[in-house]
Amino acid sequence: MKKNLICIVCPAGCQLCAEKSENGEITVSGNKCPRGAAYAAKELTNPERTVTAVMNSDSQELPYIPVRTDKALPKNLINSLLTVIYTKELKVPVKRGDLIVSDFAGSGVNLIASRTVLK
Ligand code: SF4
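The numbers attached to residues start from 1 for each chain and follow its sequence in the written order. Only residues with pLDDT of at least 70 are given local features in this predicted model, and only at 80 or more are side-chain atom pairs given and counted; all residues enter the totals for whole chains, interfaces and linings.

Trainee: Tell me about the environment of Lys20, and please be specific about residues and values.
Mentor: Under the DSSP-based scheme used, a helix requires at least four consecutive residues in state H or I and a strand at least two consecutive residues in state E, with every element numbered from the N terminus. Within the secondary structure, Lys20 sits in strand 2 (residues 15-20). Between the C-alpha atoms of Lys20 and Lys2, which are 18 residues apart in sequence, the distance is 6.4 Å. Excluding its chain neighbours within four sequence positions, the residues that come into contact with Lys20 are Met1, Ile26 and Leu44. Any residue pair is listed as a contact if its two C-beta atoms, each placed from the backbone, are within 7 Å.

Trainee: Break down the sheet that holds strand 3 (residues 26-29) for me, citing the residues and quoting the values.
Mentor: The three strands are arranged 1-2-3 in an open sheet whose pairing can be described as antiparallel. Each end of this open sheet is capped by a strand with a single partner; those strands are strand 1 (2-6) and strand 3. Taken over all neighbouring pairs, the strand axes of this sheet differ in orientation by 20° on average, direction set aside. DSSP bridges decide pairing: two strands pair if at least two such bridges lie between them. The pairing of strand 1 with strand 2 spans five bridges and is classified as antiparallel. The partner of Lys2 across the bridge, within strand 2, is Glu19. Axis lines are fitted to C-alpha atoms, over the contacting stretch for helices. Their N-to-C directions set the angle, which ranges from 0 to 180 degrees. Across the sheet, helix 1 (residues 34-45) is in contact with strand 1, strand 2 and strand 3; its angle to strand 2 comes to roughly 50°.

Trainee: Could you give me a rundown of helix 1, with the residues and numbers involved?
Mentor: Taking 1.5 Å of rise per residue, twelve residues should cover 16 Å, and helix 1 covers 17 Å from first to last C-alpha, within 8% of that figure. Partly exposed residues are those whose C-beta has more than 12 but fewer than 20 other C-beta atoms within 10 Å; 20 or more makes a residue buried and 12 or fewer makes it exposed, with C-beta atoms placed from the backbone. What helix 1 keeps buried is the set Gly36, Tyr39 and Ala40. Along the axis of helix 1, the buried positions cluster into a sector of 95°, meaning they face one direction only. Facing away from the buried side of helix 1, by more than 90 degrees, are the exposed residues Pro34 and Thr45. For helix 1, the secondary structure elements touched by its buried residues are strand 1, strand 2 and strand 3. In a helix, the anticipated span is given by 1.5 Å times the number of residues less one. When we speak of the arc, we mean the arc of directions from the helix axis to the C-beta atoms.

Quick look at the structure:
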């Protein structure tokens, strides 16, 4: 398996080529630092992203409240988390960092509020 990627770890945006051999060994080229190699290896084996979105709320102040995951979520779970986000309504008051969804789908990733909205 071979994949061409642009590294998103820093603004340099190195063009990477990651390849997984039949024995499972991963080789990465094009990276200017080890962080790029780690990113490419993760992309090849278990890609993850931090999810940010807005949720409907019953607030008079802010009808849509920003939320985010507290760490990166496996990409294959993102759509199901977005379904939860877009079908649920947050009840105010909500404080920044409040837990909205705990351990989503057993991933160990939580969804938290990104902003305080009191009414
Ligand atoms: S490989 Fe290193 S220098 Fe290049 S974009 Fe990634 S983090 Fe930045």
